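Chain residues, written in single-letter form:
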Amino acid sequence: MLIKVCGMLEPENIRQLSTLKPDLIGFIFFPGSPRYAASKLDPGVVKELPADITKTGVFVNAGYEEIVKTAGLFGLNAVQLHGAESPEMCRSLKAAGFKVIKVFHPKTQEDITACAAYEGLCDFFLFDTASKAHGGSGRKFDWSLIGKYKGSTPFLLSGGIGPGDEEMISRLQLPLLTGIDLNSRFETAPGLKDIEHLRIFIEHIRKLTKTQV
Ligand SMILES: O=C(O)c1ccccc1NCC(=O)[C@H](O)[C@H](O)COP(=O)(O)O
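Computed from a prediction, not measured in an experiment: that's the story for all the values here.

Reading the values: the criteria
- In this numbering scheme, every chain counts its residues from 1 along its sequence in written order.
- Totals for whole chains, interfaces and linings use every residue, but because this is a predicted model, local features are given only for residues with pLDDT of at least 70 and side-chain atom pairs only at 80 or more, for both listing and counting.
- Counting other C-beta atoms within 10 Å of a residue's own tells you its class, since 20 or more makes it buried, 12 or fewer makes it exposed, and anything in between is partly exposed; those C-beta atoms are placed from the backbone.
- Numbering of helices and strands runs from the N terminus; a helix is a DSSP stretch of H or I covering at least four residues, while a strand is a stretch of E covering at least two.
- Seen with the strands pointing away from the viewer, any crossover whose path from the first strand over the helix to the second strand runs clockwise is right-handed.
- Pairing between strands is defined by DSSP: at least two bridges between the two strands are required.
- UniProt positions are given in the numbering used here, feature names are shortened, and annotations may be inferred rather than shown by experiment.
- Structurally, a nonpolar core is described as a collection of buried Ala, Val, Leu, Ile, Met, Phe, Trp, Tyr and Cys residues joined by way of C-beta atoms within 7 Å.
- The contact criterion used here is simple: two residues whose C-beta atoms, placed from the backbone, lie within 7 Å are in contact.

Trainee: Looking at this structure, how should I read the pairing of strand β5 (residues 99-104)?
Mentor: Regular strands have side chains that alternate between both faces of the sheet. Of all six residues in β5, five are buried, a share of seventy percent or more. In the classification by handedness, the crossover that spans strand β4 (residues 78-81), the intervening helix α4 (residues 87-95) and the parallel β5 is right-handed. As judged from the four bridges shared by β5 and strand β6 (residues 124-127), these two strands associate in the parallel manner. The residue of β6 that forms the bridge with K102 is F125.

Trainee: Hey, could you run me through the UniProt feature "domain: N-(5'phosphoribosyl) anthranilate isomerase (PRAI)" (unreviewed entry) in the protein in this one?
Mentor: Annotation from UniProt places "domain: N-(5'phosphoribosyl) anthranilate isomerase (PRAI)" (unreviewed entry) at residues 4-203. Secondary structure across residues 4-203 comprises 26% helix and 21% strand; the distance between its end C-alpha atoms is 14 Å.

Trainee: Before we go on, may I ask you to explain the nonpolar core in this structure?
Mentor: The tendency in soluble globular proteins is for nonpolar side chains to be buried side by side. By size, the foremost hydrophobic cluster in this structure holds 54 residues, and its most contacted members are V5, F27, F29, F59, V79 and L126. Once residues lying within four places of it in the same chain are set aside, the contact partners of F59 are F29, F30, I67, V79, L81 and H82.

Trainee: Would you mind showing me how to read the pairing of β6 here?
Mentor: Alternating positions in β6 separate into two faces, F124 and L126 on one and F125 and F127 on the other, with burial throughout. One ladder, built from three bridges, connects β6 with strand β7 (residues 155-157); its direction is parallel. Looking at the pairing, F125 lines up with F155 of β7.

Below, the structure is given as structure tokens:
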């Protein structure tokens, strides 16, 4: 089970998080977010993260040039697209060498079938709760909708995952569920994570989802 922790801002908090060895760390490059990193975060802090942590930039309807420029500045190797980005945008970013995560906000079964246009163009899909803020809502969506997903792209589950959800997640019978994304339910303030709560959760979920031989 891949672990992504999203919305990091503070250098010491980021260094502490990296000791938990999450698979991906996300930084928000959407000006409307209280976790907006572009003007607050020293690119050097991101660049010096261990190479085995995928440094992920989160964007909402940003242009190709802006994404590539930001990725270069912060040393990002993945982009997570939370808006109405087209399949063509995903294709271009993948061709430029980035891992691409396209986000969908399922409210109905039709929202799940809309993923089909992005098959083969993304490394992962990410299913998150719909909100006016585009992300970081702290609320879960109806997870039964993902049972309707018939695609072949592996996906991450997101939206309101918090302490105590480990057992429920480990019981999900979804073959392409490849990872989870953690954010506001582990915060003491926007962008500031409670490292101890994350440590407990990550150790527990890794134990529960370890492949049995
Ligand atoms: O977190 C934000 O402020 C945010 C704002 C705009 C677009 C995306 C954003 N977050 C991206 C994420 O990947 C979050 O982890 C995801 O939305 C889940 O957040 P939460 O419901 O707080 O667990």
